[in-house]
Amino acid sequence: YGNFIDDLRLYVRGGTGGMGYPRLGGEGGRGGDVWFVAQERTTLKTIRERYPQKRFVAGAGANSSVKALKGEKGKDCEVHVPLGISVLCDDGRQIGELNAAGERFLAARGGLGGSLATNFVPCKGQRRIVHLDLKLIADVGLVGFPNAGKSSLLSKISHAKPEIANYAFTTVQPELGKIMYADYKQIPVADLPGLIEGAHANKGMGHKFLKHVERTKQLLLVVDISGFQLSIKTQFRTAFETILLLTKELELYKEELLTKPALLAINKMDLPCAKDNLNELMKQLQNPQDFLHLLQDEMIPANTLEFKDIIPISTYTGEGIEELKACIRKSIDEEAEQENEEYRKKKLQLLQTS
């Protein structure tokens, strides 16, 4: 996966409490806490480079003394982490999330200082091993089979410079780009490694890719109009079959992904016979139930994706790129307006009940 890291295992330990003072009833200071703090322009790679030991221990509490019967609290340890982090226990259970800048999560609590309740003996701080699991936050996620032209599309609609080549799995790590509009609005787009059949079962890039789809607001499926074949050993799939297989993979990984708004970009319209293939595909998409009998049962998803727009494009000639950018903008704005409307309704209901 090159330099991109989306999972990091850390050891965290809260500080030990300070000693109590039995003769005068003095209390030791509480141990410091370990906090994860979400911060922009931070990556898991910088954490690993800056702290190669991957150990974070908070300061111990001060002992109680004649001069200070109440010992001072130990120094907290703050670890700056990127946005979009899920904090998992060693057993895989999620214990916290950090999605906005400034959000804090208590990773390890400091131990109590020695006092009458603890027989003036200090307590040790909480210790645990945690996993920081990164899921990219973007407005639009590009989904498609290898070689569908996702990286080429990202380079056309944004300033990102992903690697582009004529072989499968050119993209081995997620790429982020931003679509810039004339009125200075920016929409973040994530180009994710290509899916293959069986990705839900961790084949190919598998879960390493699919988990990043969870935090995107909308899906943009990119499909090669001429179809797809990974190798001579695998079966050839038409554009219609490709769309159904992508839907099936998303459904098998997490059904909620199919509730996201989706757009469909049909790429490589500069190829010969592309127009005929497009006409055939549009017929199949208008009445997909009439063509499902041609497919194997395991390829058919329980629910099909409803596309807000279907845009034929060519990343080679630039055909349809501006129209696609306009459709993305319109779709994002509509969703934002809908969210605002729901928020206003909730506020109104709260005011009426109060």
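Residues numbered from 1 in each chain as written. Predicted model: local features only at pLDDT ≥ 70, side-chain atom pairs only at ≥ 80, totals over all residues. Heavy atoms only, no water.

Caption draft 1: Just the domain arrangement of the chain, in detail. Here the chain is partitioned into domain 1 (7-134) and domain 2 (138-339). Summarising the inter-unit geometry, the C-alpha centres of domain 1 and domain 2 are found 43 Å apart. (Domains from an automatic or database assignment.)

Caption draft 2: Representation of helix α5 (residues 274-286). Spanning 13 residues, α5 covers 18 Å between terminal C-alpha atoms, matching the ideal 18 Å at 1.5 Å per step. Within the sequence span of α5, burial applies to Ala-274, Leu-278, Leu-281 and Gln-284. Relative to the axis of α5, the buried residues are bounded by an arc of 125° and lie together on one face. When the buried face of α5 is taken as reference, the exposed residues oriented beyond 90 degrees from it are Lys-275, Asp-276, Lys-283 and Gln-286. Contacts from the buried residues of α5 go to α4 (239-253), β13 (262-267) and β14 (307-312). (Helix = DSSP H or I, 4+ residues; strand = E, 2+ residues; numbered from the N terminus. Expected span 1.5 Å × (residues − 1). Buried < 20%, exposed > 50% of the residue type's maximum accessible area, 1.4 Å probe, protein only. Arc of directions from axis to C-beta. Contact = heavy atoms within 4.5 Å.)

Caption draft 3: The sheet that holds strand β9 (residues 138-143), seen in detail. Within the open sheet, the 6 strands sit side by side as β10-β11-β9-β12-β13-β14. Their pairing is mixed. Where the open sheet ends on each side, the last strands, each with one partner, are β10 (175-180) and β14. Recorded for the sheet is a direction-independent mean angle of 25° between the axes of neighbouring strands. Across 5 bridges, the pairing between β9 and strand β12 (residues 216-224) is parallel. Along β12, the bridge assignment pairs Val-143 with Leu-221. Where helix α2 (residues 150-157) meets the sheet, its contacts fall on β9, β10, β11 (186-191) and β12, and the angle it forms with β10 comes to roughly 40°. (Pairing = 2+ DSSP bridges. Axes fitted to C-alpha atoms, helices over the stretch in contact; angles between N-to-C directions.)

Caption draft 4: Broad picture of the layout of surface pockets. Space inside the largest pocket adds up to approximately 700 Å³. Forming the boundary of the largest pocket are 21 residues, of which Thr-42, Thr-43, Pro-82, Leu-136 and Leu-176 lie nearest the centre. Of all the elements in the fold, those that place two or more residues in the lining of the largest pocket are α1 (44-50) and β10. Here the element with the most residues in the lining of the largest pocket is β10; it accounts for 4 residues. A breakdown of the residues in the lining of the largest pocket according to their chemical character gives 11 nonpolar, 5 polar and 5 charged. Here the lining of the largest pocket gathers at least three residues from each of two domains, domain 1 (7-134) and domain 2 (138-339). (1 Å grid on protein atoms, 1.4 Å probe; cavity = no way out; pocket = protein on both sides within 12 Å on 5 of 7 lines; lining within 4 Å. Points joined across faces, edges and corners; volume = space filled by probe spheres on them. Nonpolar A, V, L, I, M, F, W, Y, C, P; charged D, E, K, R; others polar.)

Caption draft 5: Examining the side chain of His-131 more closely. Relative to the helices and strands, His-131 resides in strand β8 (residues 127-134). Classification of His-131 as buried rests on a relative accessible area of 17%. A polar contact of 3.1 Å, which involves the side chain of His-131, links it to the side chain of Asp-90. (Polar contact = N/O pair within 3.5 Å; in protein donor to acceptor, adjacent residues only side chain to side chain.)

Caption draft 6: Summary view of the environment of Val-130. Tracing the chain through its elements places Val-130 in strand β8. Look at Val-130 and you get buried, because its relative accessible area is 0%. Separated by 40 residues in sequence, Val-130 and Asp-90 place their C-alpha atoms 5.7 Å apart. If sequence neighbours within four positions are ignored, Val-130 has contacts with Leu-8, Arg-9, Leu-10, Val-12, Phe-36, Val-87, Leu-88 and Ile-95.

Caption draft 7: Just the pairing of strand β6 (residues 94-98), in detail. As paired strands, strand β5 (residues 85-89) and β6 are joined by 4 bridges and run antiparallel to one another. Bridge assignment links Ser-86 to a residue of β6, and that residue is Glu-97. The hairpin formed by β5 and β6 contains 4 residues between the paired strands, and Gly-92 there has a positive phi angle of roughly 90°.

Caption draft 8: Structural view of unusual backbone geometry. The phi angle at Arg-41 is positive, at roughly 60°, despite the residue not being glycine. On the secondary structure map, Arg-41 appears in the loop between β2 (34-38) and α1. We note that Cys-273 has phi near 65°; this positive angle belongs to a residue other than glycine. Its location among the elements puts Cys-273 in the loop between β13 and α5. Given a relative accessible area of 54%, Cys-273 falls into the exposed group.

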